[in-house]
Amino acid sequence: MTTTVGWLRRQLPGIVALGLMATFFVVSQPSFASDGEREELAQRYKFTPLSVALPGGYQQQTIRKVNKTYEKISAWISSVGAAVAMNDLDADGLDNDLCVVDTRIDQTVITPAPGVRADRYAPFALTPGSLPMDETMAPMGCVPADLNEDGRMDVLVYLWGRSPIVYLQKADAKGLSAAAFQAVELVPNSGGSKYDGPVWNSNVASVADFDGDGHQDVFVGNYFKDDSRVLDATVEGGVEMNDSMSAGFNGGRNYFFRWTGATADSVSFQKLDDVLSEEVSRGWELGATAVDLDRDQLPELFLNNDFGPDRLLYNTSTPGKIQFKLVEKSRDAWTPKSKSLGKDSFKGMGSDAADLDHDGLYDFFVSNITTPYGIQESNFHLISTAKDHADLRNQLSSGHAPFVDRSAELRTAWSGWGWDVKINDFDNSGEPAIVQATGFVKGWVNRWAQLQELATANDIVVHDVKSWPVVQEGVDIAGDQTLAFFAKQADGTYANLSKELGLAVPIPTRGIATGDADGDGRLDFAVARQFGPPVFYQNVSPDAGAFLGLRLREETTGAPVIGAEVTVTAQDGRTFVNRVDGGSGHSGKRAHSVHIGLGKDVSGPQKVHLKWRDRTGQVREQDLQLTPGWHTIQLGSQAKEK
């Protein structure tokens, strides 16, 4: 008996620890919405899928030709590039034009959104004109913006195999067509039929006034290292893989382009390659979000890195000089390193910013790889813990990122192999939903087991492509995963309604673009699929609430004022914030109009606070009283409704 008591006494700490672990396990088990609860929640939404018209005459492919070194993983190399943007390219007052990058034809296509007024013009591909293009180059995404400040929307296209191309809309263009755009280089080249510029492999770009001079600048994030001829099937070598699965800092450099001038048929930028440190600049970029967190009209930049930590950059720029300060989340006893912002080890694929808890401060949602029995990391549902904007500004300026991940408790942690994400209010309830693209490569040979081996391998070997599993055409990794549509429930947690809403189509998706194509106040969205047809989801949600829609335009040109901030104080005291977004996410770009759902039984004027930079770089702000519905506001030294 004495021996038994002594043994129990010696084992007591372990027994207590096991008991606590069991208790925490039971308590922390997520309780997801039941079938009935999801069905009831889904009644708030309804979407009609419509086909997106594309031009004919192009030979289709199912995989890309790649550098001979990468032949073993040709499907992996071919896993990105599908993209979509919504905007008003023809100035008809509606965000009913799509820019689609279709990987099946490797073309950047301009096409009208299906539905109302879909017959305005025939879909067409942007053509580079005299600029050199060859089969070693492929578009990865497009960003609409008025880059030469003439009031007409242009299109920035970023690619693998060369530097980005700017398609300027011509002043004398009569409607939209390939002839309506003139292609010019973002990075000057010597000209001629042979390309002699930098060989970049860009996966993300965003437009914003980073230095606060009143003009829009450009950020370009690259994936493979500079001068890697990834898509050149005639060569072998000169390329490499990531030097780590969680701390890879050998990717392509990131570049900023500071706007320096423009004419009717040209635009010039100063290329900056020393804004970020070498380690930050050479992450494997897949996503970026530009958003003004502390309301000083200087946008912060949140970078999402494959194979390494995400980076939050606090903007400390002055006119003519773009500069940022790296901020990170301080470790505490309750936050694992893998979820600590700036030190995390998950595979960041895309992000978006919105006020998810109605405290007037922006939060983030970040897509990661979250496949059960595959690679189960976690999405990040990063909630700001700052008290107010002053506190947030103080913490950011001191190098601290006051954000904590709540994805597990809010039930948004797991969805699949995540990519682009957009946070918008689709039923005008006042509660935005989170739409996320997922899936990797579709085929018929499962390679999850081999990929798991690679994911747990020593960093010494992952750099060599010989250590990677065979991922060629026919391999399937997360090929049947579908869109996620996280809607908020009454208790504040989220439920994925993809199946209930008919969005669960088993084709890998990449980019998501949102906008109100028909002007009915209900946001539609378009989805780019990897080696699959893009799709447009027309919002026909029943009994939607009231909304406030703002088209914020520069007073002299009528161009969207990217970066302008909107704060709405509803009559019941609720606060909503939103912005003119210049291109956040992975490969989907939302329209430039600002949309805010107000909920039901809302009428009468709402208090709206606007903050923006005018063309001289001066910060302006003004209060307006606006009734629910769409409004066009001209922004100069004052805000005036048109």
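Within each chain, residues carry numbers counting from 1 in the order of the written sequence. Owing to the predicted nature of the model, reporting of local features is limited to residues with pLDDT of at least 70; listing and counting of side-chain atom pairs is limited to 80 or more, with chain, interface and lining totals taken over all residues. In computing side-chain properties, one takes all heavy atoms of the structure into account and sets aside hydrogens as well as water.

By the naming in an unreviewed UniProt entry, the protein chain goes by RNA-binding protein and is assigned to Planobispora longispora.

Draft legend 1. View of the overall build of the protein chain. When helices and strands are tallied, the protein chain shows 8 helices and 39 strands. Whereas a compact globule of 642 residues would reach a radius of gyration of roughly 26 Å, the protein chain reaches 24 Å, a difference of no more than 12%. Expressed along its principal axes, the backbone C-alpha trace of the protein chain runs to roughly 100 × 65 × 45 Å. For every residue, the accessible area (1.4 Å probe, protein chains only) is compared with the maximum for its type, and the residue is labelled buried under 20%, exposed over 50%, or partly exposed between those bounds. Counting the 642 residues in the protein chain, one finds 60% classified as buried. Residues count as neighbours in contact if any of their non-hydrogen atoms are within 4.5 Å of one another. Across the protein chain, the fraction of contacts at a sequence separation of at least 24, relative to all contacts at a separation of at least 6, is 64%. Here the accessible surface of atoms and residues is derived via Shrake-Rupley with a 1.4 Å probe, and residues count as covered only by protein chains that are part of the display. Here the protein chain has roughly 23,800 Å² of accessible surface; of this, 51% comes from carbon and sulfur atoms. The charged-residue count follows a simple rule in which Lys and Arg add positive charge and Asp and Glu add negative charge, with His and chain termini not counted at all. The atoms used to mark charge sites are NZ of Lys, CZ of Arg, CG of Asp and CD of Glu. When the 60 positive and 84 negative side-chain charges of the protein chain are each reduced to one mean point, those points stand 3 Å apart. The helix and strand labels rest on DSSP assignments: H or I over at least four residues marks a helix, E over at least two residues marks a strand, and numbering proceeds from the N terminus. We compute the radius of gyration over the C-alpha atoms and compare it with the globule rule, which gives 2.2 Å times the number of residues raised to the power 0.38.

Draft legend 2. Structural detail: the sheet that holds strand S20 (residues 380-384). Think of it this way: DSSP has to see at least two bridges between two strands before they count as a pair. Strands sit in the order S18-S19-S20-S21 across an open sheet of 4 strands; the sheet is antiparallel. Each edge of the sheet is formed by a strand with only one pairing partner; in this case those strands are strand S18 (350-354) and strand S21 (403-405). Along the sheet, successive strands turn relative to each other by an average axial angle of 20°, direction set aside. With axes taken as lines fitted to C-alpha atoms, and helix axes fitted only over the stretch in contact, angles between N-to-C directions fall between 0 and 180 degrees.

Draft legend 3. Fine view of the sheet that holds strand S8 (residues 165-169). Pairing is antiparallel across the open sheet formed by 4 strands, whose spatial order is S6-S7-S8-S9. Pairing within the sheet leaves two strands with one partner each, and these edge strands are strand S6 (138-145) and strand S9 (181-185). Here the average twist between neighbouring strands, direction ignored, is 25°. Summarising the sheet, S8 and S9 pair through 5 bridges and their orientation is antiparallel.

Draft legend 4. Expanded view of the UniProt feature "domain: ASPIC/UnbV" (unreviewed entry) in the protein chain. UniProt positions are given in the numbering used here, feature names are shortened, and annotations may be inferred rather than shown by experiment. Per the UniProt record, "domain: ASPIC/UnbV" (unreviewed entry) is annotated on residues 562-620. Counting secondary structure, residues 562-620 comes out at 0% helix and 47% strand; the distance between its end C-alpha atoms is 14 Å.

Draft legend 5. Fine view of the environment of glycine 191. By the secondary structure assignment, glycine 191 is in the loop between S9 and strand S10 (202-208). Residue glycine 191 is classed as partly exposed on the basis of its relative accessible area of 40%. Counting along the chain gives 42 residues from glycine 191 to alanine 233, while the straight-line C-alpha distance between them is 24 Å.

Draft legend 6. Expanded view of helix H2 (residues 35-42). For H2, the complete set of buried residues consists of Arg38, Leu41 and Ala42. Looking straight down H2, one finds that the buried residues subtend no more than 100° of arc, so they occupy a single side. Close packing links the buried residues of H2 with strand S26 (484-488) and strand S27 (494-496). Picture the helix axis, draw a direction to every C-beta atom, and the arc is the one those directions span.

Draft legend 7. How the structure looks around the pairing of S8. With respect to burial, S8 is a largely interior element, 5 of its 5 residues being buried. Side chains Ile165, Tyr167 and Gln169 of S8 all project onto a buried face; the interleaved residues Val166 and Leu168 project onto the opposite face, where all are buried too. Bridging between strand S7 (residues 154-160) and S8 involves 3 bridges; their strand directions are antiparallel. Of the residues in S8, the one forming a bridge with valine 157 is isoleucine 165. Here S7 folds back onto S8 in antiparallel fashion, the turn holding 4 residues, of which glycine 161 has a positive phi close to 100°.

Draft legend 8. Looking closely at the packing of aromatic side chains. Centres within 6.5 Å are what make two rings of Phe, Tyr or Trp a pair, Trp counting through its six-membered ring; a difference in plane orientation under 30 degrees is then read as stacked, over 60 as edge-to-face, and the rest as tilted. Scanning all chains against the criterion turns up 33 aromatic pairs. Taking the centre distance of 6.3 Å and the plane angle of 35° together, the rings of phenylalanine 124 and phenylalanine 181 count as tilted. Pair noted here: phenylalanine 124 is in strand S5 (residues 124-125) and phenylalanine 181 is in strand S9, with a separation of 57 residues, a long-range link. One exposure class covers both phenylalanine 124 and phenylalanine 181, and it is buried. Seen from their ring centres, phenylalanine 346 and phenylalanine 380 are 5.6 Å apart, and the 20° between their planes marks the pair as stacked. Here phenylalanine 346, found in the loop between strand S17 (324-327) and S18, pairs with phenylalanine 380, found in strand S20; they are 34 residues apart in sequence, far enough to count as distant. Phenylalanine 380 matches phenylalanine 346 in its accessibility class, with the two residues each being buried. Pairwise contacts between aromatic rings join Tyr45, Phe47, Phe426, Phe485, Phe525 and Tyr537 into one cluster. The rule for a charge over a ring is simple: NZ of Lys or CZ of Arg within 6 Å of the ring centre, and within 35 degrees of the ring normal. In this arrangement the basic side chain of arginine 551 is found over the ring face of tryptophan 630, its NZ or CZ atom lying 4.2 Å from the centre.

Draft legend 9. Structural view of the state of the cysteines. Note on terminology: disulfide denotes any pair of cysteine sulfur atoms within 2.5 Å. Applying the stated criterion to the full structure yields 1 disulfide. Each disulfide pairs two cysteine sulfurs, and for cysteine 99 the partner residue is cysteine 142, the sulfurs being separated by 2.3 Å. Handedness here is read from the sign of the S-S torsion; for cysteine 99 and cysteine 142, about -140°, the answer is left-handed. Of this pair, cysteine 99 sits in strand S3 (residues 97-102) while cysteine 142 sits in strand S6, and the two are 43 residues apart along the sequence. Given a relative accessible area of 1%, cysteine 99 falls into the buried group. For cysteine 142, a relative accessible area of 1% translates into the label buried.

Draft legend 10. The arrangement of the side chain of arginine 447 in detail. With respect to the secondary-structure elements, arginine 447 resides in the loop between strand S24 (445-446) and helix H7 (448-455). Salt bridges, as used here, are contacts in which a Lys or Arg side-chain nitrogen is within 4 Å of a carboxyl oxygen on Asp or Glu. One buried charged side chain, arginine 447, makes no salt bridge at all; its nearest oppositely charged neighbour is glutamate 453, positioned 10.0 Å away. Apart from the residues within four sequence positions on either side, arginine 447 is in contact with Val470, Val475, Asp476 and Ile477.

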